[in-house]
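Tertiary structure, described
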Amino acid sequence: MSRIPLIAGNWKMNKTIDEAVKSAQALVELTADVQDVEAMVAPPFTALTALAAVFADTPIHLGAQNLFWEASGAYTGEIAPNMLTNAGCSHVIIGHSERRQYFNETDETVNRRVHAAVENNLIPVVCIGETLEERQSESTQLVLGDQLKAGLANLSAKELTHLVVAYEPIWAIGTGQAATPDMAQATHQFIRGFLHKSFGNTLANSVKILYGGSVNIDNAKELMAKPDIDGALVGGASLEAETFSQLVCFNLGED
Ligand code: PGA
């Protein structure tokens, strides 16, 4: 089954509204002719509405970097799912390792967020990944299996139809030390196998599994060539429109 690749940019806590609009406009121009690959950008919350206007009538999807699971109420500092759809988002990143590390997110809160996302027709981009210590002690599969099991608990294959999983080894994020293509492929294959066992063949074959962690223009092509790697979640290399658009175009074999 062929899966349309997705190149997703996670801008993290970078760019004012003006800077975001400038980058987004450049990206729209640079990717104008691109087909057969999806692109998504997740700017800070403050730039969402402005970017929704820039990406309107373009194929570039807009994503948020997080959401809260309640619909409204006394939750100072949080953003509800329908606020994101109202701002123009189609995607939402959930459970990024930085959220887990600095903001105490757990597999259980990831699960609540995934439920809230699918109930509100937002495509969840669920991040999982192991630490260096876990990789070295050969417990990667155990850790990822636990994260998937708990993070996707009580969700049906139907609810997860549009699920995107981002495999992001923590030791590879922002370090310049990406996983090797073979290492990433083996892990992606494990993740797809897990989805197969838990949700059946149709879902396992349709879920996009992105690789994230120091993806750049030098390593992207080899990573993306692997059969179970369906795109990338890109941090640092997504901040420059020029570089990010090259990653989007790479996928088409357009050198
Ligand atoms: P990086 O970040 O590309 O800068 O390593 C990836 C991510 O955290 O999503």
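Residues numbered from 1 in each chain as written. Predicted model: local features only at pLDDT ≥ 70, side-chain atom pairs only at ≥ 80, totals over all residues. Heavy atoms only, no water.

This paragraph deals with the site of the ligand. The local shell around the ligand holds 13 residues, among which Lys12, His96, Glu168, Gly174 and Ser214 are the closest. At 2.7 Å from an oxygen atom of the ligand is found a main-chain nitrogen or oxygen belonging to serine 214. If the ligand stood free it would expose 280 Å²; the protein chains cover 94% of that surface. Residues that form the shell around the ligand fall into these classes: 4 nonpolar, 7 polar and 2 charged. (Near = heavy atom within 4 Å. Polar contact = N/O pair within 3.5 Å; in protein donor to acceptor, adjacent residues only side chain to side chain. Areas by Shrake-Rupley, 256 points an atom, 1.4 Å probe, with all protein chains shown as cover. Nonpolar A, V, L, I, M, F, W, Y, C, P; charged D, E, K, R; others polar.)

Right, let's talk about the sheet that holds strand E8 (residues 231-234) for a bit. Taken together, 8 strands build a closed barrel; the order of strands is E1-E2-E3-E4-E5-E6-E7-E8 and the barrel is parallel. Strand-to-strand twist across the sheet, computed as the mean angle between neighbouring axes with direction ignored, equals 25°. Pairing of strand E5 (residues 123-128) with strand E6 (residues 164-167) involves 4 bridges; the strand directions are parallel. Bridging from a neighbouring strand, cysteine 127 pairs with alanine 166 of E6. (Pairing = 2+ DSSP bridges. Helix = DSSP H or I, 4+ residues; strand = E, 2+ residues; numbered from the N terminus. Axes fitted to C-alpha atoms, helices over the stretch in contact; angles between N-to-C directions.)

The residue asparagine 121 is not glycine, and still its phi comes out positive at about 55°. Position of asparagine 121 relative to the elements: it lies in the loop between helix H5 (107-119) and E5. For asparagine 121, a relative accessible area of 68% gives the class exposed. Not every positive phi belongs to a glycine, and asparagine 154 is a case in point at roughly 55°. Relative to the assigned elements, asparagine 154 resides in the loop between helix H7 (140-151) and E6. Assessed through its relative accessible area of 70%, asparagine 154 is described here as exposed. (Buried < 20%, exposed > 50% of the residue type's maximum accessible area, 1.4 Å probe, protein only.)

A word on the packing of aromatic side chains. Tallying each qualifying case throughout the model produces 4 aromatic pairs. Here the aromatic rings of phenylalanine 68 and tyrosine 75 are separated by 5.0 Å at their centres, their planes lie at 50°, and the arrangement is tilted. An aromatic cluster of at least three residues, connected via ring pairs, comprises Phe68, Trp69 and Tyr75. Just above the ring of tryptophan 11 sits the side chain of lysine 15; from NZ or CZ to the centre is 5.0 Å. Positioned above the aromatic ring of phenylalanine 103, the side-chain terminus of arginine 99 is 4.1 Å from the ring centre. (Phe/Tyr/Trp six-rings, centres within 6.5 Å; stacked < 30°, edge-to-face > 60°. Lys NZ or Arg CZ within 6 Å of the ring centre and 35° of its normal.)

Here we take up the environment of valine 125. Within the fold, valine 125 resides in strand E5. In sequence terms valine 125 and serine 238 are 113 residues apart; their C-alpha atoms lie 16 Å from each other. Discounting chain neighbours no more than four positions away, the residues touching valine 125 are Met40, His91, Val92, Ile93, Ile94, Val164, Ala166 and Leu210. (Contact = heavy atoms within 4.5 Å.)

Turning next to H7. With 12 residues, H7 should reach 16 Å at 1.5 Å per residue; the first-to-last C-alpha distance of 16 Å fits that figure. All buried positions along H7 are accounted for by Thr140, Val143, Leu144, Gly145, Gln147, Leu148 and Gly151. Where H7 is buried, its residues meet helix H4 (97-102), H5, E5, helix H6 (132-136), E6 and helix H8 (181-199). (Expected span 1.5 Å × (residues − 1).)

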